[in-house]
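# Inside the fold
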Amino acid sequence: MSKILFVMTGADHWTLADGTAHPTGFWAEEAVVPYRAVKAAGHEVVVATPGGVVPPVDRASLAAEVNGGQERADEIARALEEMTELRTPVKLAEVDLADFAAVFYPGGHGPMEDLAVDAESGRLLVTALDSGKPLAVVCHGPAALLAAVRSDGGNAFAGYRAAAFTNEEETQGGLAGKARWLLQDRLTEAGVEVRAGEPWAPHVVVDRNLITGQNPASSAPVAEELLKHLG
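On a predicted model such as this, the values are computed, not experimentally measured, just so you know.

### Observations concerning the pattern of salt bridges
Enumeration over the complete set of coordinates arrives at 11 salt bridges. Ionic pairing is found between Glu 85 and Lys 39, a salt bridge with its closest N-O pair at 3.3 Å. Linking Glu 85 in the loop between helix 2 (70-82) and strand 5 (90-91) with Lys 39 in helix 1 (residues 28-40), this pair joins segments that are 46 residues apart in sequence. For Glu 85, a relative accessible area of 13% gives the class buried. For Lys 39, a relative accessible area of 35% puts it in the partly exposed group. With a closest N to O distance of 3.7 Å, Asp 207 and Arg 161 form a salt bridge.

In structure tokens, the structure reads:
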């Protein structure tokens, strides 16, 4: 059994271009599905957040319409209750990566608010990348890659191929026109080669030890790749 680090947002809002706060947090499916997969494989999960705050769930991610119906939505909500690790997160600044076999970042718009500019998370990502340990990131989670800056000022993920929530999906979701910045644009500016798949369809890109998924539907295949890399 190995320990898997789930790095999650501590932000309950995303500040839009007009200064208003859009309620958010982590996207439930993107935490639940990989959690169940790694636990079923016999691994231990530790949750870490900036400051050790309890990660807030995006209430919109519990709605029936984004989960394929009420039955699935109820299942996701029950699964969140089973994730007791969410209630006792450790402080990101106190994490020793040597204790973990792999790292996973779920999405939701929360990471756009905090992890995108969190230096502790950025340092952890650089260390994880350089260690060769599996590093899995999904949907808006790749916003955290923006903070992974080396001492020379370059982004550690420049030159890597990755999937992330696309401009097209943000537009279809109704928030692109209200955002201060778009994830696909910022990653591209940082030197990451964003490989976009069809909107809302599962799409995973693997480049060396970096495993990335485009959207909530990519959560399960990302988890599968993570387990494959763990061997």
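Still to come is the rest of the account.
### Quick word on the packing of helix 1 against helix 7 (residues 219-230)
One can describe the packing of helix 1 onto helix 7 by two numbers: an axis separation of 9 Å at closest approach and a directional angle of 35 degrees. The interaxial crossing formed by helix 1 with helix 7 has right-handed handedness. In contact with Glu 29, Glu 30, Val 33, Pro 34, Ala 37 and Val 38 of helix 1, helix 7 contributes Ser 219, Ala 220, Ala 223, Leu 226 and Leu 227. Of the residues that constitute the contact of helix 1 with helix 7, the class distribution is eight nonpolar, one polar and two charged.

### What about the environment of Leu 145?
When you line up the elements, Leu 145 lands in the loop between strand 7 (135-138) and strand 8 (161-162). Separated by 121 residues in sequence, Leu 145 and Thr 24 place their C-alpha atoms 19 Å apart. Setting aside anything within four residues of it in sequence, one finds Leu 145 in contact with Leu 125, Val 137, Asn 155, Phe 157 and Leu 187.

### Comments concerning the layout of surface pockets
Volume-wise, the largest pocket comes out at about 370 Å³. Contributing to the lining of the largest pocket are 21 residues, with Trp 27, Val 66, Phe 165, Trp 200 and Pro 216 lying nearest its centre. Contributions of two or more residues to the lining of the largest pocket are made by strand 3 (21-23) and helix 1. Residue classes in the lining of the largest pocket are distributed as 10 nonpolar, seven polar and four charged. Around the second largest pocket sit Phe 26, Val 54, Pro 55, Pro 56, Val 57, Arg 59, Leu 62, Ala 77, Leu 80, Glu 81, Leu 86 and Arg 87, which together line it. Tallied by class, residues from the lining of the second largest pocket come to nine nonpolar, no polar and three charged.

### Section: the nonpolar core
Formed by 70 residues in total, the largest nonpolar core has its most connected members in Leu 5, Phe 6, Leu 80, Val 103, Tyr 105, Leu 124 and Phe 157. With residues near it in sequence (within four places) discarded, Phe 157 still touches Leu 125, Leu 129, Leu 135, Leu 145, Ala 148, Gly 191, Val 192 and Leu 210.

### Focus: the pairing of strand 11 (residues 210-213)
Regular strands place side chains that alternate from one sheet face to the opposite one. Every second residue of strand 11 is oriented toward a common face, with Leu 210 and Thr 212 on one face and Ile 211 and Gly 213 on the other, all of them buried. Here strand 7 runs beside strand 11; their pairing, made up of four bridges, is parallel. Pairing of Ala 136 across the sheet is with Ile 211, part of strand 11. Pairing geometry for strand 10 (residues 204-207) and strand 11, over four bridges, is antiparallel. Bridge pairing in strand 11 places Val 205 opposite Thr 212. What sits between the antiparallel neighbours strand 10 and strand 11 is a turn of two residues, in which Arg 208 has the positive phi angle 60 degrees.

Reading the values: the criteria
Throughout, a residue's number is its position along its own chain's written sequence, starting from 1. Restriction of local features to residues with pLDDT of at least 70 applies here, the model being predicted, together with a cutoff of 80 or more for giving and counting side-chain atom pairs; totals for whole chains, interfaces and linings are based on all residues. With hydrogens and water set aside, each side-chain value is computed from the structure's full complement of heavy atoms. Salt bridges, as used here, are contacts in which a Lys or Arg side-chain nitrogen is within 4 Å of a carboxyl oxygen on Asp or Glu. Each helix corresponds to a stretch of at least 4 residues labelled H or I by DSSP, and each strand to a stretch of at least 2 residues labelled E; elements are numbered beginning at the N terminus. A simple rule labels every residue: compare its accessible area, found with a 1.4 Å probe on the protein chains alone, to the largest value its type can have, and call it buried under 20%, exposed over 50%, or partly exposed in between. In this description, a line fitted to the C-alpha atoms serves as the axis of each element, helices being fitted only across the stretch in contact, and the angle between N-to-C directions of two axes falls anywhere from 0 to 180 degrees. Left-handed describes a crossing whose near helix is turned anticlockwise from the far helix by less than a right angle; the clockwise case is right-handed. Should any heavy atoms of two residues lie within 4.5 Å, those residues are considered in contact. Three categories are distinguished: nonpolar for Ala, Val, Leu, Ile, Met, Phe, Trp, Tyr, Cys and Pro, charged for Asp, Glu, Lys and Arg, and polar for the others, with Gly belonging to the last. Both cavities and pockets are sets of points on a 1 Å grid over the protein atoms alone; in a cavity a 1.4 Å probe fits but cannot get out, in a pocket the set is open with protein on both sides within 12 Å along at least five of seven lines, and lining residues sit with an atom within 4 Å of a point. Grid points are joined across faces, edges and corners, and a volume is the space filled by probe spheres set on the points. Definition of nonpolar core: a set of buried residues of the types Ala, Val, Leu, Ile, Met, Phe, Trp, Tyr and Cys, connected through side-chain atoms within 4.5 Å. Here, strands pair whenever DSSP counts at least two bridges between them.

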